[in-house]
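# Survey of secondary and tertiary structure
Below, each chain spelled out in residue letters.
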Amino acid sequence: KVSVLVKDVVAPSFNQNALNIEIGYTETFDIEAHKSILNVTDNYYNVNDLVISIKENTYTANKSKVGQYRVTYEIKDPSQNISTAVVVVNVVDDVSPVINGPTLLTKPSTEVMTLSDILSHFTANDIIDGNITNRIEVLANEYTGNGSKVGSYDVVLRVLDSNGNFALHTLT
């Protein structure tokens, strides 16, 4: 008698498009829920027969820090064929800074107030970069040249953090 053993030697497969994740540092990437997004399949076994386990996770301990982290999933079928899915989690700063200061400044038409005097009323802060007051810039200025004329003149300020997030503030 001769027996022929036909064995499954093909490892499970997964969705290659689910390997790069970008998430803000104030959000949380759900590692367990991402297993379903991997969309694993097998040539022989039912999806419910596959075991997906986490073999590496540098993300969870660093989830609120901007940077690039890895979550490695191991996908095993009952024949012990194994695939490894390495998910790169890019934690980004997507939170705008804040400009603090008045929205209205009032002065007599006979008083001199320079643009520098106006800017001295403002500060800017960013959760990641800290104090970024020195990065405040004037985006629009209707005031300069009109400071002795009765009226209302807008000055628009902008500040950028190191990740390109910005805040605008209009002073009348």
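All values derive from a computational prediction rather than experimental measurement.

## Let's talk about the overall build of the protein
Within the protein, the secondary structure is distributed over two helices and ten strands. Taking 16 Å as the expected radius of gyration for a compact globule of 172 residues, we find that the protein reaches 28 Å, considerably beyond that expectation. Projected onto its principal axes, the C-alpha positions of the protein cover 110 × 25 × 20 Å. When each of the 172 residues of the protein is scored for burial, the buried share is 34%. Long-range pairs, those at least 24 residues apart, make up 55% of the contacts in the protein with a sequence separation of at least 6. Averaged over its 12 positive side-chain charges, the protein has a centre that lies 8 Å from the centre of its 20 negative ones.

## Thoughts on the nonpolar core
Grouped together as the largest cluster of nonpolar side chains are 21 residues, with contacts concentrated most on Phe29, Leu38, Tyr59, Tyr73, Val87 and Val89. Mapped onto this core, the elements with two or more residues apiece are strand E1 (20-24), strand E3 (67-76) and strand E4 (82-92). Not counting chain neighbours up to four residues away, the residues in contact with Phe29 comprise Ile21, Ile23, His34, Tyr59, Val71, Tyr73, Val87 and Val89. Counting 14 residues, the second largest nonpolar core, distinct from the first, contains Met113, Tyr153, Val155 and Ala167.

## As for the sheet that holds strand E8 (residues 137-141)
Within a sheet, neighbouring strands are paired by backbone hydrogen bonds and run either parallel or antiparallel to one another. If you trace the three strands from one edge of the open sheet to the other, you get E8-E9-E10, paired in antiparallel fashion. The open sheet terminates on both sides in strands that have one partner only, identified here as E8 and strand E10 (166-171). Recorded for the sheet is a direction-independent mean angle of 25° between the axes of neighbouring strands. Here E8 pairs with strand E9 (residues 155-160) via four bridges, running antiparallel. Among the inter-strand pairings, Val138 is bridged to a residue of E9, identified as Leu157.

## Concerning the environment of Asn100
With respect to the element layout, Asn100 can be found in strand E5 (residues 98-100). For the pair Asn100 and Val6, spaced 94 residues apart in sequence, the C-alpha to C-alpha distance is 72 Å. Setting aside its immediate chain neighbours within four residues, Asn100 contacts His121, Phe122, Thr123 and Asn125.

## Concerning a nonpolar patch on the surface
On the surface, a nonpolar cluster with roughly 360 Å² of combined accessible area is contributed by Leu139, Leu160, Phe166 and Leu168. Inspection of the secondary structure assignment puts Leu160 in strand E9.

Definitions and limits used
Residues numbered from 1 in each chain as written. Predicted model: local features only at pLDDT ≥ 70, side-chain atom pairs only at ≥ 80, totals over all residues. Heavy atoms only, no water. Helix = DSSP H or I, 4+ residues; strand = E, 2+ residues; numbered from the N terminus. Rg over C-alpha atoms; globule rule 2.2 N^0.38 Å. Buried < 20%, exposed > 50% of the residue type's maximum accessible area, 1.4 Å probe, protein only. Contact = heavy atoms within 4.5 Å. Lys, Arg positive; Asp, Glu negative; His and termini not counted. Charge placed at Lys NZ, Arg CZ, Asp CG, Glu CD. Core = buried A, V, L, I, M, F, W, Y, C linked by side-chain atoms within 4.5 Å. Pairing = 2+ DSSP bridges. Axes fitted to C-alpha atoms, helices over the stretch in contact; angles between N-to-C directions. Patch = residues over 30% accessible without salt bridge, like charges linked within 9 Å, V, L, I, M, F, W, Y side chains within 5 Å. Areas by Shrake-Rupley, 256 points an atom, 1.4 Å probe, with all protein chains shown as cover. Salt bridge = Lys/Arg side-chain N within 4 Å of Asp/Glu carboxyl O.

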